[in-house]
Amino acid sequence: MRGLEEVPLPLAAGSEMWVSVKAERTVLGVVHNITSATRLLDLLSVFAGDRRVQVVFTCTGSSALDGSITEFFNSRGMTHIPWEKAKASSFDLAIATSRGGDLENLRTPIIGTSHGAGYNKILKPETGNRKPETGNRKPEAFGLSPEWLMHEGRVVPAAIVLSHEEQRERLAVSCPPAVPVSVVAGDPCYDQLHASLPFRAEFRRALGLRQGQKLVVVSSTWGRGSILGADEAGKDVLRRALAELPRDSHRVLAAIHPNAWYGHGAWQLQSWLSPLIDHGLLLPTPDDETWKAALLAADVLLGDHGSLTYYGFSLRIPTILGSFNTSKVAAASPMARLGTFLPHASPSLPLLPQVEAAAARTDTTGTAEELRFAITSRPGRSAALLRRLFYERLGLPEPEHAAAVRPVPLPVVPVGATSPSIEPASYVSVHTTESRVDVSRYPAVLQRRTMERHLAGTHLVADVDDPDTSWPRSADVLVLLSGRPLHTAGPDAWVRLLRRGPGASLLAVEESTDSTLTLHRNGTRVRARWEGEVPWWASTSLAASVVHERIVHAQPSDAARSTDHVRVGLGPGIDTGLLRIDVL
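Residues numbered from 1 in each chain as written. Predicted model: local features only at pLDDT ≥ 70, side-chain atom pairs only at ≥ 80, totals over all residues. Heavy atoms only, no water.

Our next topic: the sheet that holds strand β12 (residues 300-303). Reading across the sheet, the four strands line up as β11-β10-β12-β13 and stay open at both edges, with parallel pairing between neighbours. Of all strands in the sheet, those bounded by a partner on one side alone are β11 (250-256) and β13 (319-321). Going across the sheet, the axis of each strand differs from the next one's by a mean of 20°, ignoring polarity. Pairing between strand β10 (residues 214-220) and β12: three bridges, direction parallel. Across the sheet, residue Val 216 finds its bridge partner in β12, namely Val 300. (Pairing = 2+ DSSP bridges. Helix = DSSP H or I, 4+ residues; strand = E, 2+ residues; numbered from the N terminus. Axes fitted to C-alpha atoms, helices over the stretch in contact; angles between N-to-C directions.)

This is the structure:
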């Protein structure tokens, strides 16, 4: 049993008597950080079901953002060994999705791949024998330059996986000695996303989207200049998406790069974004495949210079750039061209019409199609090509079954609002005609004076029990839900409650799931009841907003009307509801 304290059972001396499966080959999965680990798992799926191949993992320790990698390994049951032990041991093949670390010291032939949508980023080496760019030469893409591919005059990887022929052309310019070992094998992530497109409805249901709702995905890479880390105007993009898009017709999901999560810590990131989470932001953790499901369910993408933006654009999702740091992007890369092609979100114009314009735009120009095709020149073939490459290097015949792409798994519901208050303070905009009202609601706490113009003509609705008492004190409409202590106090107490609200014109009391009683400052009482098939979005606060708006805009002829039927809508594609309003 000697050696078990240094290496796991399959590799330990004398482990033959203990292991259940005797593998013929051992592959070393080389991880730089969690970003590269998730991509590596995509690649290793070609070994699924083959008991001839045992995979062992290691982390190079070369990333400042690898602090959670051991937890990542352990939570998934991934057998792993220390980097120093990996360098001192021999394996049949090593596969790495990053160039970080002293890979030249491995005793094992290594296949290098990218961990994103091709080779687009610029990253200067900080340690080791690799030297940063010098002289007047333009910075080259991370993974295609000599600093990342060569050591003491020799090419380190035994094979360099590319996703498109254009990358080989750039490699021929930046590092000619590496061209002979380059292999164009497509993009497994793109192939998986594309193969999962028919299941869009299933992904939308799994993410909790209702009929007619639009999903806006805000994707942020890591570092300064990303949506999360840009200057003040850039930081506003995520807040603006929650503040300016009607909350009933739009859902917002933030796909944040793992390096941002693990650079600051999950607790810190969730703490910073908690005001947005409280008002509807979906924030999945980045170490699973929820971001892929979100792209497949998305209606609009607000992105930056990260790979997720390119994947979304390649899937024909209407895309707007919320930020784009050109200094982090290789000048000759497709990502650089994408940054000049896509529209940029204007900080001085309301966001909703920009999103609507993007969603209505169908861009099939030659430039758009060229950029979409630049993500892979082997669409749908990556599984077969990667498996062929890996098995050739292992000296094993491929399995008899065809190499197939697995669909993106259905996600669990990502982190969202956790507050027990189901009626947060909202600014409500109502467009009314004689027989119809259209309602748009916005989280009040996310508004700023600089953007109030997109909320002209609104009224404020607040829960009477909101812990932030400034909201009920300044509300136009107060809402009292059933089951609350004040609810059981009775009508006299409700009248006194309304009088305490200096700005409130009515109090809405929930009688049942489809019935609301409103008490008005002038003494009028009105009952609003949803009739027919009650829509999923129907609520006491919405009914109260409709009643408030009908009273505010009442004509003299309305005074004699004791019953009114109003068709209520929340936006295109969302079923309307019929509200009966009776003056008591």
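Following the criterion strictly, the structure yields four cavities of 30 Å³ or more and no others. Taken as a whole, the largest cavity holds about 70 Å³ of empty space. Along the walls of the largest cavity sit Arg 39, Leu 43, Thr 113, Ser 114, Gly 116, Gly 118, Val 161, Ser 163, Gly 186, Asp 187, Pro 188 and Leu 386, which together make up its complete lining. Split into classes, the residues belonging to the lining of the largest cavity amount to four nonpolar, six polar and two charged. (1 Å grid on protein atoms, 1.4 Å probe; cavity = no way out; pocket = protein on both sides within 12 Å on 5 of 7 lines; lining within 4 Å. Points joined across faces, edges and corners; volume = space filled by probe spheres on them. Nonpolar A, V, L, I, M, F, W, Y, C, P; charged D, E, K, R; others polar.)

Take the nonpolar core next. Of all hydrophobic cores here, the largest spans 37 residues; its most connected members are Leu 193, Val 217, Leu 253, Leu 295, Tyr 310 and Tyr 311. Secondary structure elements with two or more residues in this core: α6 (188-195), β10, β11, α12 (290-297), α13 (307-314), α14 (334-341) and α16 (366-373). Considering every element that reaches this core, the biggest residue donor is α12, with five residues. Not counting residues up to four positions away in its chain, the partners in contact with Tyr 311 are Arg 39, Gly 116, Ala 117, Asp 187, Cys 189, Tyr 190, Leu 193, Trp 291, Leu 295 and Ile 375. Leu 40, Ile 95, Leu 386 and Phe 390 belong to the second largest nonpolar core, which has 30 residues in total. (Core = buried A, V, L, I, M, F, W, Y, C linked by side-chain atoms within 4.5 Å. Buried < 20%, exposed > 50% of the residue type's maximum accessible area, 1.4 Å probe, protein only. Contact = heavy atoms within 4.5 Å.)

A few words on the pairing of β12. Here β12 shows a buried face lined by Val 300 and Leu 302 and a second buried face lined by Leu 301 and Gly 303. Pairing between β12 and β13: three bridges, direction parallel. Paired with Leu 301 across the two strands is Thr 319, which belongs to β13.

Geometrically, a packed helix pair is captured by the angle between its two axes and the distance between the axes. Where α14 contacts α16, the axes come no closer than 10 Å and their chain directions differ by 150°. You can see that α14 and α16 cross each other, and the crossing is left-handed. Of the residues in α16, those touching α14 at Pro 334, Arg 337, Leu 338 and Phe 341 are Thr 367, Ala 368 and Leu 371. Class assignment for the residues of the contact of α14 with α16 results in five nonpolar, one polar and one charged. (Left-handed = near helix turned anticlockwise from the far one by under 90°.)

In this section: the pattern of salt bridges. Counted by the stated rule, this structure contains 29 salt bridges. The residue Asp 187 makes a salt bridge to Arg 39 at a minimum N-O spacing of 3.3 Å. Here Asp 187 is found in the loop between β9 (182-184) and α6, whereas its partner Arg 39 is found in helix α1 (residues 34-44), with 148 residues between them in sequence. Close ionic contact of Arg 527 with Glu 511 constitutes a salt bridge, the shortest N to O distance being 2.8 Å. Here Glu 511 lies in strand β18 (residues 506-512) and Arg 527 lies in strand β20 (residues 525-531), a separation of 16 residues in the sequence. According to the relative accessible area criterion, Arg 527 is partly exposed, its value standing at 25%. Taken together, the salt bridges that share partners define one network made up of Asp 42, Glu 289, Lys 292 and Arg 406. (Salt bridge = Lys/Arg side-chain N within 4 Å of Asp/Glu carboxyl O.)

Time to look at the packing of aromatic side chains. Tallied over the full model, the rule gives seven aromatic pairs. Consider the rings of Phe 57 and Phe 73, whose centres lie 6.0 Å apart with planes at 35°: the pair is tilted. You can see Phe 57 sitting in strand β2 (residues 53-59) and its partner Phe 73 sitting in helix α2 (residues 69-75), a full 16 residues away along the chain. Judged on exposure class, the residue Phe 57 and its partner Phe 73 are both buried. Taking the centre distance of 6.1 Å and the plane angle of 70° together, the rings of Phe 313 and Phe 341 count as edge-to-face. Of this pair, Phe 313 sits in helix α13 while Phe 341 is found in helix α14, placing the two residues 28 residues apart along the sequence. With relative accessibility at 3%, the residue Phe 313 sits in the buried group. Exposure remark for Phe 341: the relative accessible area of 24% places this residue in the partly exposed category. Following the ring pairs from residue to residue traces out a cluster consisting of Phe 47, Phe 390 and Tyr 391. Above the plane of the ring of Phe 72 lies Arg 76, whose end atom (NZ or CZ) is 3.8 Å from the centre. Above the ring of Phe 313, the side-chain terminus of Arg 372 is found at 4.6 Å from the ring centroid. (Phe/Tyr/Trp six-rings, centres within 6.5 Å; stacked < 30°, edge-to-face > 60°. Lys NZ or Arg CZ within 6 Å of the ring centre and 35° of its normal.)

Here we take up the side chain of Arg 204. Tracing the backbone through its elements, the reader meets Arg 204 in helix α7 (residues 200-206). By relative accessible area, Arg 204 is classed as buried at 13%.

Keep in mind that these numbers describe shape and distance, not what the molecule does.
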